[in-house]
Amino acid sequence: MSDAVSFRLATEADLDAILKIEYAAFSHPWTRGIFTDALKSYQVWLMFEGNQQVGHGVIQVIIDEAHLLNITVKPENQGRGLGLRLLEELMKQAYGLGARECFLEVRDSNQTAYRLYERYGFNEVGRRRDYYPAVGGREDALVMAATLVD
């Protein structure tokens, strides 16, 4: 990471850029409609390296509990620590909104993300059978939780 990393809340004007990254990163990406709804109900954060948008994340905070709903780094920018930077920022924002614990679901097959969450301090607390659509059927989600600290 040579350029400074920065973050800001997304607006509807950012949807095309968000979707470009989302569709490049996932076999079953969130749709425009899901992101439109997210902008109304949750916090959608963008991550930039210099002037280039390189990722986004979505958090929901209800009282003292956060849910990490989406975290995405542009495929060509993965493997350089940006996912951890984005996760740290999202958890900082959730903490600032009063969350003291965060939950997330991750595909059973997504070991890269699983290791990222473990590195941050998430622990596996459950499994949701057939939670995600997958090529040729459904895939389990691993439920993870972490205590948030200042």
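Treat the numbers as computed from the prediction; the structure is a model and nothing was measured.

What follows is about the pairing of strand β2 (residues 43-49). Summarising burial for β2: 7 of the 7 residues are buried, a large majority. Across the two faces of β2 the burial is the same, with Gln-43, Trp-45, Met-47 and Glu-49 and Val-44, Leu-46 and Phe-48 all buried. Pairing between strand β1 (residues 5-9) and β2: 5 bridges, direction antiparallel. Bridge pairing links Arg-8 to Leu-46 in β2. Strand direction decides the pairing type here: β2 and strand β3 (residues 52-62), joined by 7 bridges, are antiparallel. In the strand pairing of β3, Glu-49 is matched with Gln-52. Remark: 2 residues form the turn of the hairpin made by β2 and β3, two consecutive strands paired antiparallel; Gly-50 in that turn has positive phi of roughly 65°.

What follows is about the packing of helix α1 (residues 15-25) against helix α2 (residues 32-41). Orientation of α1 relative to α2, taken along the N-to-C sense of each, is 125°, at an axis distance of 11 Å. Relative to α2, the element α1 lies oblique. Considering only the axes of α1 and α2, their crossing is right-handed. Contact with α1, carried on its side by Leu-15, Asp-16, Ile-18, Leu-19 and Glu-22, involves Arg-32, Phe-35, Thr-36 and Leu-39 of α2 and no other residues of that element. Here the contact of α1 with α2 is composed, by residue class, of 5 nonpolar, 1 polar and 3 charged.

The sites that UniProt annotates as "active site" (unreviewed entry) are Glu-105 and Tyr-117. Within the annotated group, the residues that form the lining of the largest pocket are Glu-105 and Tyr-117. On the secondary structure map, Glu-105 appears in strand β5 (residues 101-107). In contact with Glu-105, other than residues within four places in its own chain, are Arg-128, Tyr-131, Tyr-132, Ala-141, Leu-142 and Val-143. A polar contact of 3.1 Å, which involves the side chain of Glu-105, links it to the side chain of Arg-128. You can see Tyr-117 is positioned in helix α4 (residues 111-120). Residues within four places of Tyr-117 in sequence aside, it is in contact with Leu-68, Ile-71, Leu-87, Leu-104, Val-106, Phe-122 and Met-144.

How each quantity is defined
- Here the residue index of a chain counts from 1 through its sequence in written order.
- Confidence filtering applies because this is a predicted model: local features only for residues at pLDDT of at least 70, side-chain atom pairs given and counted only at 80 or more, and all residues used for totals across whole chains, interfaces and linings.
- To obtain the side-chain values, all non-hydrogen atoms of the structure were included, while hydrogens and water were left out.
- Working definition: with a 1.4 Å probe on protein chains only, accessible area under 20% of the residue-type maximum means buried, over 50% means exposed, and in between means partly exposed.
- In DSSP terms, a helix is any run of H or I states spanning at least four residues, a strand is any run of E spanning at least two, and both are numbered starting from the N terminus.
- Strands qualify as paired when DSSP identifies two bridges or more between them.
- Axis geometry follows a simple rule: fit a line to the C-alpha atoms, using only the stretch in contact for helices, then measure angles between N-to-C directions, giving values from 0 to 180 degrees.
- Roughly parallel here means an angle under 35 degrees, roughly antiparallel means over 145, roughly perpendicular means 65 to 115, and every remaining angle is called oblique.
- If you view the pair so one helix is near and one far, a crossing is left-handed when the near helix is turned anticlockwise from the far one by less than a right angle, and right-handed when it is turned clockwise.
- The criterion used for residue contact is that any of the two residues' heavy atoms lie within 4.5 Å.
- By the convention adopted, Pro, Cys, Tyr, Trp, Phe, Met, Ile, Leu, Val and Ala count as nonpolar, Lys, Arg, Asp and Glu as charged, and the other residues, Gly among them, as polar.
- UniProt positions are given in the numbering used here, feature names are shortened, and annotations may be inferred rather than shown by experiment.
- Using protein atoms alone on a 1 Å grid, points that fit a 1.4 Å probe yet trap it form a cavity, whereas open point sets bounded by protein on both sides within 12 Å along at least five of seven lines form a pocket; residues with an atom within 4 Å of a point count as lining.
- Polar contacts, as used here, are pairs of N or O atoms within 3.5 Å; protein pairs need one atom able to donate a hydrogen and one able to accept it. Residues neighboring in sequence count only if both atoms are side-chain atoms.

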